[in-house]
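# Examining the three-dimensional arrangement
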Amino acid sequence: TITPFQNSRPVSNIFETMMRIGSLMLRRSVSAGAAAQPAFQLRRTRFSHADLALEKADTLKPKPFDRDELGFGKIFTDHMLSAHYDADNGGWGKPTITPFQNISLSPATLVFHYGLECFEGMKAYRGVDGQVRLFRPDLNFARFNRSSARLGMPTLPVDEFKSCLFDLVELEKDWIPDGRGYSMYIRPTMIATTPALGVGPARQAMMFVILSPVGAYYAGGFKAVRVLADTNHVRAWPGGTGDAKCGGNYAATIVPQMQAKEKDCDQVLWLFGDDHQVTEVGTSNFFAHWVTPAGIDEIVTAPLDGTILEGVTRQAVIDILNEGDVKVTERKFTMAELCSAIDDGRIREVFSCGTAVTVTPIKEIMYQDTLYTIPLADGQAGDLAKSLTDTIFDIQYGVVPDHKWAPVVCKA
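As a starting point, this report considers the structure included with it. Each chain carries its own residue numbering, running from 1 in the written order of its sequence. Reporting of local features is limited, given that this is a predicted model, to residues whose pLDDT is at least 70; pairs of side-chain atoms are given and counted only at 80 or more, and all residues count toward the totals for whole chains, interfaces and linings. Based on all heavy atoms of the structure, the side-chain values leave hydrogens and waters out of the count.

Let us look at the packing of helix 3 (residues 137-150) against helix 4 (residues 158-171). Orientation is described by axes fitted as lines to C-alpha atoms, over the contacting stretch for helices, and by angles from 0 to 180 degrees between their N-to-C directions. Helical segments are the DSSP runs of H or I of at least four residues, strand segments are the runs of E of at least two, and each set is numbered from the N terminus. The N-to-C vectors of helix 3 and helix 4 enclose an angle of 120°; their axes lie 10 Å apart at closest approach. Of the possible angle classes, the one that applies to helix 3 and helix 4 is oblique. Considering only the axes of helix 3 and helix 4, their crossing is right-handed. Every residue of helix 4 that contacts helix 3 at Asp-138, Phe-141, Phe-144 and Asn-145 is listed here: Val-158, Phe-161, Lys-162 and Leu-165. When the residues that make up the contact of helix 3 with helix 4 are grouped by side-chain class, the tally is 5 nonpolar, 1 polar and 2 charged. An angle below 35 degrees is read as roughly parallel, one above 145 as roughly antiparallel, one from 65 to 115 as roughly perpendicular, and any other as oblique. A clockwise turn of the near helix away from the far one marks a right-handed crossing, whereas an anticlockwise turn of less than a right angle marks a left-handed crossing. Should any heavy atoms of two residues lie within 4.5 Å, those residues are counted as being in contact. Each residue gets one label: Ala, Val, Leu, Ile, Met, Phe, Trp, Tyr, Cys and Pro are nonpolar, Asp, Glu, Lys and Arg are charged, and the others, such as Gly, are polar.

Okay, here's the thing in structure tokens:
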């Protein structure tokens, strides 16, 4: 169809909605007796939680009855957080919580043409003590800013953004499912919204946060997976954006993932260089536990050299193991080392970790048409993977009370 030039979705224009909101503020945003302020001002130099405005949805969606039917990222809550940035009009406008809705953008918007987009992945957990917690959110906020800056987009003041996000989670707390392994996924996103062609930094941008109640990332839940060590494709390279959480890193992995599925593999093990250095697996970080040829017990993971994502769960795994006097070595290692450890019987276990999957055991690796089998303590997971999963879950679900990694957002 040839039509008049127009925004991609002329209805549900979030900018117009924000202009209509008025001065309704969240309970925690305004002290008693504070003067009302306009809900949206372009001429703001600073993103502030004190300016957060709320427009509640008139009609609430029915919440999922069967948590086992949640899947991952398919159902969304009633509200979203957003704010607009305009470098030529004072920077950030006021943050606003509105009903979940479509976004209206010009077909010329930068994000559609040059991939100027980044995001985060976080979760809110309903604890055994009736409180809602996040897990190491400050690491997510810091990484979100690093990713945005790497792509030439604006950043956010961490404490102010954190307070706004906490308010959104509290508003939607009834969407958080009960039970270990269940949570509400949090997806902060930054997109360049400058309506002009031409490669350059974003003069205009939009930040938004949407929420989704989720179950296990893999349909099989906590079960060991088979991965394909891909020698034909590369996820990232030195000097690139491998350490930024941007959409382009993931778009290029879809076809290799489809090819892995054709070989009955659950995920791709990403390699780099002529010596096939092991980097990441799927969208997660990779760990191997083995005994070196010199007889030294070692847990190894790829270093933060700019080609892999600085995972929040990765850091938790390293910190937990180091606190338990188990040394984790962050260094480059190759498929030749890994295959040799498997063939020699020196491998103990292999697993991946990330926000979406927590810890996932790996049972088999297909590499150059050979299937390498990893030993599993009970057929599904190694002792280390099980122990790490239990430790992380205990923190996330409040079994370990008042843990520094799990700030309480509100009462469930």
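We are not done yet, so read on.
Turning to the packing of helix 7 (residues 312-323) against helix 9 (residues 383-396), a few remarks are in order. In the contact formed by helix 7 and helix 9, the axes pass within 11 Å of each other and the chain directions differ by 105°. Considering their axes alone, helix 7 and helix 9 lie roughly perpendicular with respect to each other. From helix 7, Thr-313, Val-317, Ile-320 and Leu-321 reach across to helix 9, where they touch Leu-384, Leu-388, Thr-391 and Ile-392. Looking at the contact of helix 7 with helix 9 residue by residue, the class counts come to 6 nonpolar, 2 polar and no charged.

Okay, the pattern of salt bridges next. What counts as a salt bridge is simple: a side-chain nitrogen of Lys or Arg found within 4 Å of a carboxyl oxygen of Asp or Glu. Under the criterion given, the structure shown has 17 salt bridges. In this structure, the salt-bridge partner of Arg-180 is Asp-390, at a minimum N-O distance of 4.0 Å. Of the two residues, Arg-180 is situated in the loop between helix 4 and strand 8 (183-192) and Asp-390 in helix 9; the sequence distance between them amounts to 210 residues. Burial classes follow relative accessibility: with a 1.4 Å probe on protein chains only, a residue under 20% of its type's maximum area counts as buried, one over 50% as exposed, and anything between as partly exposed. The class for Arg-180 is partly exposed, based on a relative accessible area of 39%. Between Arg-235 and Glu-280 there is a salt bridge, with its nearest N and O atoms 3.3 Å apart. Within this pair, whereas Arg-235 is found in the loop between strand 10 (225-230) and helix 5 (247-251), its partner Glu-280 is found in strand 12 (residues 277-281), the two being separated by 45 residues in sequence.

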